[in-house]
Amino acid sequence: MSPHKTTESSKDAAAEYFEKNPSPKALNSHQALAREFIQYHAETSPDRRIVLVTSGGTTVPLENQTVRFIDNFSAGTRGATSAEYFLKQGYAVIFLHRQFSLLPYSRHYSHSTNCFLDFMDEHQDDEGGVVVRKEYQEKMRRVLEEYHYAKQNRLLLLLPFVTVTDYLFELRALATLMHPIGSRAMFYLAAAVSDFFIPRERMDEHKIQSRDNGADGETGGQGSGASRQLVINLDPVPKFLNTLVQSWAPKGSMIVSFKLETNPDLLVAKAEQALERYHHDVVIGNLLTTRKWEVVFITRDGGEHWVRVPKTRRSKSFSGIEKMIGLAERKHEQHPIDLEGGTVTEG
Ligand code: PAZ
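Keep in mind the model is a prediction, meaning the values are calculated, not measured. (Residues numbered from 1 in each chain as written. Predicted model: local features only at pLDDT ≥ 70, side-chain atom pairs only at ≥ 80, totals over all residues.)

Enquirer: Report on the site of the ligand, specifying residues and quantitative values.
Expert: The local shell around the ligand holds 13 residues, among which Ser74, Thr77, Arg78, Phe258 and Leu260 are the closest. No other element matches the three residues that strand S11 (residues 254-261) contributes to the shell around the ligand. Along the lines of polarity and charge, the residues of the shell around the ligand split into six nonpolar, four polar and three charged. (Near = placed C-beta within 6 Å. Helix = DSSP H or I, 4+ residues; strand = E, 2+ residues; numbered from the N terminus. Nonpolar A, V, L, I, M, F, W, Y, C, P; charged D, E, K, R; others polar.)

Structure, rendered in structure tokens:
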């Protein structure tokens, strides 16, 4: 099939998707916030670059009044950490993230491994106050300063999504709103987006029952195991990256997508294939088990550039790798990007 035909057919599939599936309730208010954010930066600092970082997993609801849904592993660590690095480099960041996934700055103190209460102590004197434990103060002051700076300068806009359909409506709207800033826009697509979904027209309205009579679904059934199986038919989600590149994103903007695989033998080939197919700027490949320490940049000039955090510098919190991914940011200026060098160590 010619690239032209591929583009046309994916545009048609995308258009049909948006016709047949409902937009998220928050779309209008998110659009208004994003429009105002982009306008503010375009007027007050016309050179400022704006990156749309997508982060976290998308859900696939099984029912319209959703009790059950399919989800994936992504916690949003990559997106939240990368957003902090982009902010450090002077970008304004629109952070399109899965609701309740990790957020820039607060990620250091949230979720189960880092309960914020473990960072606190009751004050020793009688004032009844609460203090940050001494050993955490230095880091917390740094994080707090960066957070305050981003907040005071209106550099970070947080927009949540839940389902794959919410995500796609939001992505289309935000990309369109970025048009006035042209090549100062960057898309950094780290969200783990479902490849399959149930179209609205085939979705049950109410909670799927585990027995035919629909009553008391949870307490055992009459039929055999096989007759009580839940068989789900999922449709493929249209390939939106093509439509993003060809029509939603501003001309000259930089588009970085991620490719996740579990089989190391497939990673580079699949990342190259994505770049060839969608004609954007960079694909960053990573494997599920090593994603915190190792990524591969595939660029349009045929470059394959591995970035690895040496064993001695690995930590639980992705320290290092996002700093290296900051390479993509530095190359945005020299767009189309050109990455050179081998293993990069943390500065
Ligand atoms: O969110 P996280 O930090 O747990 O994982 C990051 C990631 C693996 C989801 C991301 O680096 C990525 O590869 N996103 C694209 C996934 C894909 O659709 O192939």
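Enquirer: Requested: an account of the packing of helix H5 (residues 164-177) against helix H6 (residues 240-248), with residues and values cited.
Expert: Axis separation between H5 and H6 bottoms out at 10 Å; the angle between their running directions is 20°. Of the possible angle classes, the one that applies to H5 and H6 is roughly parallel. When you trace H5 past H6, the crossing you get is right-handed. Within the contact between the two elements, H5 uses Leu168, Leu171, Arg172, Ala175 and Thr176 and H6 uses Phe240, Leu244 and Trp248. Here the contact of H5 with H6 is composed, by residue class, of six nonpolar, one polar and one charged. (Axes fitted to C-alpha atoms, helices over the stretch in contact; angles between N-to-C directions. Parallel < 35°, antiparallel > 145°, perpendicular 65-115°, else oblique. Left-handed = near helix turned anticlockwise from the far one by under 90°. Contact = placed C-beta atoms within 7 Å.)

Enquirer: Give me the lowdown on the environment of Ser253, citing residues and values where you can.
Expert: Within the element layout of this structure, Ser253 appears in the loop between H6 and S11. Judged by C-beta crowding, with 27 C-beta atoms within 10 Å, Ser253 ranks as buried. For the pair formed by Ser253 and Gly182, sequence separation is 71 residues and the distance between their alpha carbons is 5.8 Å. (Buried ≥ 20, exposed ≤ 12 C-beta atoms within 10 Å, placed from the backbone.)

Enquirer: Describe in detail the pairing of strand S14 (residues 304-308), supporting the description with residues and values.
Expert: Bridge count between strand S13 (residues 294-299) and S14: five bridges; the pairing is antiparallel. From the neighbouring strand, Val295 faces S14, where its bridge partner is Val307. Hairpin connection of S13 to S14: four residues between the antiparallel strands, including Gly302 at a positive phi of 90°. (Pairing = 2+ DSSP bridges.)

Enquirer: Talk me through helix H2 (residues 27-44); I want residue IDs and the actual numbers.
Expert: Between its terminal C-alpha atoms H2 stretches 26 Å, which fits the 26 Å expected from 18 residues at 1.5 Å a residue. His30, Ala34, Phe37, Ile38 and His41 are the residues of H2 that are buried. Angular distribution of buried residues about the axis of H2 spans 90°; they occupy a single face of the element. Along H2, exposed side chains directed more than 90 degrees from the buried face belong to Asn28, Ser29, Ala32, Glu43 and Thr44. Along its buried surface, H2 packs onto strand S1 (50-55), strand S4 (92-98), strand S7 (156-161) and H5. (Expected span 1.5 Å × (residues − 1). Arc of directions from axis to C-beta.)

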